[in-house]
Amino acid sequence: ADTTGRTSRVVHQLLMWNRAQSDHGDLVQVAEDVELRSLMQDVAVELSPLLARRQLDFSLDAPDAAANWHGQRWMVEEILKNLLTNAIQHTPDKSELGMRLRESLDAARSGWELEVWDSGAGLSRAVADRLFEPFITGGGKGAGLGLAICRDLALALGGELSVRNRAEESATGVSAVLFLPRK
């Protein structure tokens, strides 16, 4: 069952990667209005069995006001699912992880920042330098395609994805931030 599940995830990732590549020039046709807080909640609910199994303390920090964005919902959903799954895999049992939604603080660009963070061990220099290369893994159970796909999806949305060790005082783990521009 474990091998079947892993194979299924790899096939799904390859299909998502192919879809992202083919949608690059066709963004306008399937764009829709998306309420980002609601989307983040949907992803957390979908992955809640994994959170519960590991007894993880999950938090979602988002503004009370609607966080509206126009674009391809499926791409943002795939990115968030992948990032949260990675966070779950790399966070010790009974630890904390979460998602945060905020308006970009960068005056040079207007948009939303969707962050997924964990309290795992963080990234080694060797892994961090090659993070977005296909088939590079950080010790998880995956095939090393997830972050490469996430980056391609983010670029197809006109955004960007950054992944780094958390910089907050006394915090360990990783912070992955998806920037989505206002359209």
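Residues numbered from 1 in each chain as written. Predicted model: local features only at pLDDT ≥ 70, side-chain atom pairs only at ≥ 80, totals over all residues. Heavy atoms only, no water.

Asker: Even after reading the chapter, I still don't get the overall build of the protein chain, so can you show me in this structure?
Answerer: Looking only at helices and strands, the protein chain has 6 helices and 7 strands in total. When the helices and strands of the protein chain are placed in sequence order, the string is α-β-α-α-β-β-α-β-β-α-α-β-β. When burial is assessed residue by residue, the protein chain has 42% of its 183 residues classed as buried. For the protein chain, the share of sequence-separated contacts (at least 6 apart) that also reach a separation of at least 24 residues comes to 72%. Accessible surface, the protein chain: about 9700 Å² in total, of which carbon and sulfur atoms supply 51%. (Helix = DSSP H or I, 4+ residues; strand = E, 2+ residues; numbered from the N terminus. Buried < 20%, exposed > 50% of the residue type's maximum accessible area, 1.4 Å probe, protein only. Contact = heavy atoms within 4.5 Å. Areas by Shrake-Rupley, 256 points an atom, 1.4 Å probe, with all protein chains shown as cover.)

Asker: Explanation requested: the nonpolar core in the structure shown.
Answerer: In a soluble, globular protein the nonpolar side chains are often hidden away together inside. Of all hydrophobic cores here, the largest spans 44 residues; its most connected members are Leu36, Val76, Leu80 and Leu114. Listed by contribution, the elements that provide at least two residues to this core are α2 (36–46), α4 (73–90), β4 (96–103), β5 (111–118), α6 (146–156), β6 (160–165) and β7 (174–181). Element by element, the count of residues in this core is highest for α4, at 9 residues. The residues touching leucine 80, leaving out its near neighbours within four places in the chain, are Leu39, Met40, Val43, Met99, Leu114 and Val116. (Core = buried A, V, L, I, M, F, W, Y, C linked by side-chain atoms within 4.5 Å.)

Asker: Mind showing me how you'd approach the sheet that holds strand β2 (residues 57–61) here?
Answerer: Working definition: the strands of a sheet are paired by backbone hydrogen bonds and lie parallel or antiparallel to each other. Reading across the sheet, the 5 strands line up as β2-β4-β5-β7-β6 and stay open at both edges, with mixed pairing between neighbours. Edge strands, defined here as strands with exactly one partner in the open sheet, are β2 and β6. Here the strands of the sheet are splayed against their neighbours by 10 degrees on average, with no regard to which way each runs. As paired strands, β2 and β4 are joined by 5 bridges and run parallel to one another. From the neighbouring strand, serine 59 faces β4, where its bridge partner is glycine 98. The sheet contacts of α2 involve β2, β4, β5 and β7, and relative to β4 the element is tilted by about 165 degrees. Contacts from α4 reach β2, β4, β5, β6 and β7 within the one sheet, and its direction differs from that of β5 by about 25 degrees. (Pairing = 2+ DSSP bridges. Axes fitted to C-alpha atoms, helices over the stretch in contact; angles between N-to-C directions.)

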